[in-house]
Amino acid sequence: MKAKCRFFVALLLIFCMLTTVTAADSNTAEATGTEMEETSAADVNPNPKPQFQVNAKSAILIEAQTGQTVFAMNEHEKLPIASITKIMTMLLVMEAVDSGKLSLKDTVTISANACRMGGSQVYLEEGEVFTVEELLKAVAVHSANDASVALAEKVSGSEEAFVHLMNEKAKELKMNNTNFLDATGLTDEGHYSTAYDVAIMSRELLTKHPKIINYTTIWHDTFRDGKFDLDNTNKLVKRYSGITGLKTGFTSKAGFCLAASAERDGTQFISVVLGSESNEMRFSESAKLLDFGFANWEAAKIEKKGLPAGSIPVKKGEISQVPLEYGDNAVILVKKGKKSQLVENAVIPENITAPVTRGQVVGVLNVELDGNRMASIPIVAAGDSRRCSFGLMISMLAKRWAGLFCSCPEEAIIPENVQPSANPPAPENTSPPDNTSAPGKKSMTGDEDVFEEHGTPEDISSLEDDHGYGEGVVGQDGFEAGESSIFEEPVIEESPLLEESSGLAEDPLE
């Protein structure tokens, strides 16, 4: 009768558990959906309209790390961009180098086609051999058209194939108003881009391949073993504090163009000026844009990736709780002086349902300013928890009930690395101190008291009465015994089941 009652109570508990878990899962899903929906509010983009004009056909200023626009003027107007084109050429060369397709030490044999390029050049001759790095430097510093074609042929086999790659990359970057016809920008008709698109490919080059700065910041160098001078066509390299590049351009139809980049105190800006009236004006207008950015904005870096973010209970999981961590960092562009006012708000559900895998997004950290969300960082699981099956739940309940109600004696637990023996050896160092009578039976010689391997029930009772020795306890580390302990039949203590845990003039055509 008692067994039947226990079985009935166990079935009732299983039913209640399954019902509760199902309801909790439903509530969790609703809560999580609501919280995630709240975090999908539109991000705030500063994009102010400054009260000044730029002397150019179009212009733009963006922050490089966030990509946010802080100034724009005719930024989507299609215009010829001259040697600004070489930003894409350098981007594809750096991609080939960083991916391992090319090495900076690889050699390039100059073709007849590369030698025919006009405008800015380093006067390559057919059959000459240079390294990729030497030609890249000639492009970045001196805007050499012949070096650009030589690199294009090295990457893709021909300039035509390279131009196809340029246009494919433009599509990938969503440069929707750009079309390339050559690797140099010497073509005016049908070869065009916009200030906005130029800013996109400039950002891609600087943020994904920062080593390019080693070349775009060179003011003066030499080529062909010192026989030819390389002078940077970007005069801001010498004039502007924090300048990191990037590229000039000029043809009679494109006018004077410049994509400039600079970094100060962790904030990076990219300015693009297309169609300025003079060489000097493109530099002064670019400096004006960069000054505006640094005077009014700063980048706030939220470095959280890999840091702990607490833990979360898991329903129906083999592990009832998993740790959390932040899955990424964030950079936010804010008005100067506003960085200290950023507020972090974590949105995490009360619990989640197994299975849970490491890296699974379970919440979000919203970074807010004046009540507006500026950035979001995912909060992810830092551990796994497999789904607990019905059979495993029954097994766990059965073990728990067995531990609570079963009073059957269990076999002694033998410590690891200890082999049972029919005649266990007597404990060492059991001799009593001098002039002290040790409890036990007299030896046959009658000279002194010694222990035998086993005592009689009367002896054991006498020991307990006289000296307070209780029953031996078997622990995880083996027998717990003093110097005078008796080896008895061990008794296992019951315990509840634990859950698992866990200047210079430039060439007429650049």
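As shown above, the structure is provided for reference.
These numbers come from a predicted model, not from an experiment. (Residues numbered from 1 in each chain as written. Predicted model: local features only at pLDDT ≥ 70, side-chain atom pairs only at ≥ 80, totals over all residues. Heavy atoms only, no water.)

**Some words on the sheet that holds strand E8 (residues 255-264)**
Sheet architecture is open: five strands sit in the order E2-E1-E9-E8-E7, paired in antiparallel fashion. Of all strands in the sheet, those with a lone pairing partner are strand E2 (69-73) and strand E7 (243-251), marking the two edges. Sheet twist, expressed as the mean angle between neighbouring strand axes with direction ignored, is 5°. Here eight bridges tie E7 to E8, and the two strands are oriented antiparallel to one another. When the bridges of E8 are listed, Thr251 appears paired with Gly255. Set on the sheet, helix H7 (residues 195-208) makes contact with strand E1 (58-63), E7, E8 and strand E9 (267-276); between it and E9 the angle comes to about 140°. (Pairing = 2+ DSSP bridges. Helix = DSSP H or I, 4+ residues; strand = E, 2+ residues; numbered from the N terminus. Axes fitted to C-alpha atoms, helices over the stretch in contact; angles between N-to-C directions. Contact = heavy atoms within 4.5 Å.)

**Let's talk about helix H4 (residues 132-142)**
Most of H4 sits out of view: eight of its 11 residues are buried. Backbone geometry just downstream of H4 places Ser143 in the positive-phi region, at approximately 55°. (Buried < 20%, exposed > 50% of the residue type's maximum accessible area, 1.4 Å probe, protein only.)

**What about the packing of helix H2 (residues 86-99) against helix H5 (residues 145-156)?**
At a minimum axis separation of 10 Å, H2 and H5 run at an interaxial angle of 40°. Both H2 and H5 take part in a crossing whose hand is left-handed. Of the residues in H5, those in contact with Lys86, Thr89 and Val93 of H2 are Asn145, Ser148, Leu151 and Val155. (Left-handed = near helix turned anticlockwise from the far one by under 90°.)

**Section: the pairing of E7**
Burial runs high along E7: nine of the nine residues are buried. In this antiparallel pair of consecutive strands, E7 and E8, the connection spans three residues.

**Details of the sheet that holds strand E11 (residues 308-315)**
Pairing in this open sheet of six strands is mixed, and the strands run E14-E16-E17-E12-E11-E15 from one edge to the other. One side of each edge strand has no neighbouring strand; the edge strands of this open sheet are strand E14 (343-347) and strand E15 (352-353). Judged from the four bridges that link them, E11 and strand E12 (residues 321-326) form a sheet pairing that is antiparallel. Bridging from a neighbouring strand, Pro313 pairs with Gln321 of E12.

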